[in-house]
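Take a look at the letters that make up each chain.
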Amino acid sequence: MTATGKTILGALRNQLDLGQYTKVHWEGTFEQYLDIIRENPEVTRNAYQRLYDMILSHGTEEIYENKEKITRFKFFAQFAARYDDAIYGLDRTLMQLGNTFKSAAYGYGTERRVLLLHGPVGSSKSTIARLLKRGLEEYSRSDDGMVCSFSWKGENDTWIKDPMHGDPLQLIPADLRIEFIKQLSEALAKPPKYPIQVKGELCPFSRYIFNDRLQKYNGDVSAMLEGEVKVYRMVLSEQDRIGIGTFQPKDEKNQDSTELTGDLNYRKIAEYGSDSDPRAFNFDGELNIANRGLVEFIEVLKLDVAFLYDLLGASQEHKIKPKKFAQTDIDEVILGHTNEPEYRRLQNNEFMEALRDRTVKIDVPYVTRLSDEIKIYEKSFNPEKVLGKHIAPHTIEVAAMWAVLTRLEQPKHASLTLLQKMKLYNGKTLPGFTEDNIVELKREGTNEGMHGISPRYIQDKISNALVAHPEEDNINPFMVLHELEIGLRHHSLITNQDQLQHFKELLQVVKQEYEDVVKNEVQRAIAADEDALQRLWRQLHRQRQGVHPARKGPQPLHRELRGARRTAHAQRRGEDRHSRGPQGRLPPRDHELHRRPGHRRQEVRLPHQRAADEGTRAQAVRGPEGHDQADQPGVQRRGQGNSGKDRRGERPIDQVLRLQRVERHGRAQLRRQYLRSGADEEVGAWSDG
Ligand SMILES: Nc1ncnc2c1ncn2[C@@H]1O[C@H](COP(=O)(O)OP(=O)(O)OP(=O)(O)O)[C@@H](O)[C@H]1O
Ligand SMILES: [Mg+2]
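Of all residues adjacent to ligand 1, which total 18 residues, the nearest are Tyr88, Gly122, Lys125, Ser126 and Thr127. A distance of 2.7 Å is found between an oxygen atom of ligand 1 and a backbone nitrogen or oxygen belonging to glycine 122. In this structure, an oxygen atom belonging to ligand 1 sits 2.9 Å away from a side-chain N or O atom of arginine 456. Calculation on ligand 1 without its partners gives an accessible area of 630 Å², and the protein chains cover 86% of this total. Among the elements of the structure, helix H7 (125–141), helix H17 (370–380) and helix H21 (455–468) are those that each provide at least two residues to the shell around ligand 1. Tallied by class, the residues present in the shell around ligand 1 amount to eight nonpolar, seven polar and three charged.

Here it is as structure tokens:
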């Protein structure tokens, strides 16, 4: 049966959780609100406490990075992944951010600072801010994240919300608060995570109404709260401008401080007769509406100085100054972000000292671990998102590899290449390098990750590659590398020729690395093919055991090595291991069953391998031939064990195939296979043209 409009709408209704709706839209009296506090004191948290608890509510885990314990907030991974916005490889930065929120939540001083995310373009600063906002929105809808405000009784059964959605407890006059909090704290059903506090005064609008209504009740605050005030549960929402604000610099002519702190409502001035009547003022600036939540300042240091003064008061005093009104209390997290050039300007500007002093800077660098960088791109380029095109293996990997290489600093260690350094950072091992060395390398590269190619550039170029070849049903690494290279010519942020040259050479390094990886895979694929193995295996036996080629019959794979069996027999007979066998030949020795150290091998040579004119700088970056050992275990590298010798100088050896098999866990398993072939024999072909 095909669905009709009615059935579709019916199905929609089934998804609704009306109970949850009622819960989230709770309204009640002030008295009922006090009962809610008794059960759930967390409802009185301030903005920093709520934000920190929101992050914690998703859980944490401890991880070790180079022996150092790091707390990983699942919020930035699991929660964020739900919105396709997961942050990878920045655990250290995010822990620092989390710790800043924690100290602010406990009132240790950071709540009086502007938090400044500082980093190069495209390092996920906006993503972090976006996640925090989204997290708050969702948290305010959960039981744990409940947050309330209040409204005043208006004419004809209407209710007027406090324009800055203030804390209902601010309705308790300052002189009664100490006793009030004492009594409330004693009545709590459970010990609160944070002590209950009432901070700040009502906004000018509510203050006016409060005084007006109190007169009506002859100063009886309790009666007034009962008769005139309704408490309601609020849901933070950026769309509705409740508890979450964003401020973005525009040109000076189009922006003034009213955008931050609210503006006069000229229509109402006529009604109320004065421009200083709070009822004739719209408390709807970004700092007003973000009260109880978070305000994000995009590119904060691009702002005109006049705005920065507002920011100073907002952070240090938690007060803003709407035009014609007294200072007004706010309770919100202020988060800004900026790039390096603006930050340097701030550093050099002595008039900005006050701001400099009030900022807590958190560096958000680029990712320097390859596996994390790959995840960034897999987020947007995966089979679910890229329909109708196959992304060939290693396509994303090569792009990520290049991006990471551009961000690393040349190691001081003479024998370590940039590529090797990248592999070390990626968790590979390299003989002679311990975890301590890696820590040392990271310490040495102080500015690492704060420059280089941004993920945005890579994302753009992968997109280009996807659309540039409509006739193809796939994209491969060479297409992406090509896009990356031609894009460099017009890259607006690369102005320095040396840097451009360096980036281009790194592309060659990546190309070479890709070819090496593919060759190894081709070898492994051949080895994994049973038939090919059988052939290789028979050939090996003929060559090594002197078996007559005419000898027929299958040579089962799952059989002990003949030599090994003979050795076993000999041992059982108590003979010397090296005694001559019946055919007068030595049984195979251990080192023949395993890889012979230092033995020089030559792999299948592929067409187009290694650009003949690899730049000398690229060699320095990639290292001398055959010197790259930071590799997956078991993956062969050309020239390994004969470092320094140029494999290009080698003469091709005629076809010699050597296969070694090791019996393990009762199953035949290939450990190493050496393939040797002529220079012009092709094993799989591709073109890098
Ligand atoms: N560490 C990371 N983890 C996941 N995604 C990342 C990471 N770094 C960058 N990205 C991705 O890169 C893109 C750019 O990120 P974003 O816009 O947050 O950067 P930004 O630091 O705000 O840049 P700008 O300074 O130019 O405003 C986004 O698609 C983001 O998801
Ligand atoms: Mg941004």
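We now examine the sheet that holds strand E11 (residues 294–297). Spatially, E8-E11-E14-E4-E15 is the arrangement adopted by the five strands of the open sheet, whose pairing is parallel. Looking at the sheet topology across the chains shown, the edges are occupied by strand E8 (244–247) and strand E15 (359–363). Each adjacent strand pair in this sheet contributes to an overall mean axis angle of 20 degrees, direction not counted. Sheet analysis places E8 next to E11, joined by four bridges and oriented parallel. Residue pairing across strands places threonine 246 opposite glutamate 296, the latter belonging to E11. Packed onto the sheet, helix H14 (residues 305–316) meets strand E4 (114–118), E8, E11 and strand E14 (333–338) and runs at close to 140 degrees relative to E14.

Let's shift gears to the sheet that holds strand E7 (residues 229–233). Each strand in a sheet pairs with its neighbour through backbone hydrogen bonds, running either in the same direction (parallel) or in the opposite one (antiparallel). Strand order in the open sheet formed by four strands is E1-E7-E5-E6, and the pairing between neighbours is antiparallel. Either end of the sheet is taken by a strand with one partner, and the two such strands are strand E1 (27–28) and strand E6 (159–161). Where strand E5 (residues 148–153) lies against E6, three bridges are found, and the strand directions are antiparallel. Its bridge partner lying in E6, lysine 153 is registered against tryptophan 159.

How each quantity is defined
- Residues numbered from 1 in each chain as written.
- Chains lettered and ligands numbered in written order.
- Predicted model: local features only at pLDDT ≥ 70, side-chain atom pairs only at ≥ 80, totals over all residues.
- Heavy atoms only, no water.
- Near = heavy atom within 4 Å.
- Polar contact = N/O pair within 3.5 Å; in protein donor to acceptor, adjacent residues only side chain to side chain.
- Areas by Shrake-Rupley, 256 points an atom, 1.4 Å probe, with all protein chains shown as cover.
- Helix = DSSP H or I, 4+ residues; strand = E, 2+ residues; numbered from the N terminus.
- Nonpolar A, V, L, I, M, F, W, Y, C, P; charged D, E, K, R; others polar.
- Pairing = 2+ DSSP bridges.
- Axes fitted to C-alpha atoms, helices over the stretch in contact; angles between N-to-C directions.
- Contact = heavy atoms within 4.5 Å.

By themselves, these figures tell us nothing about what the structure is for.
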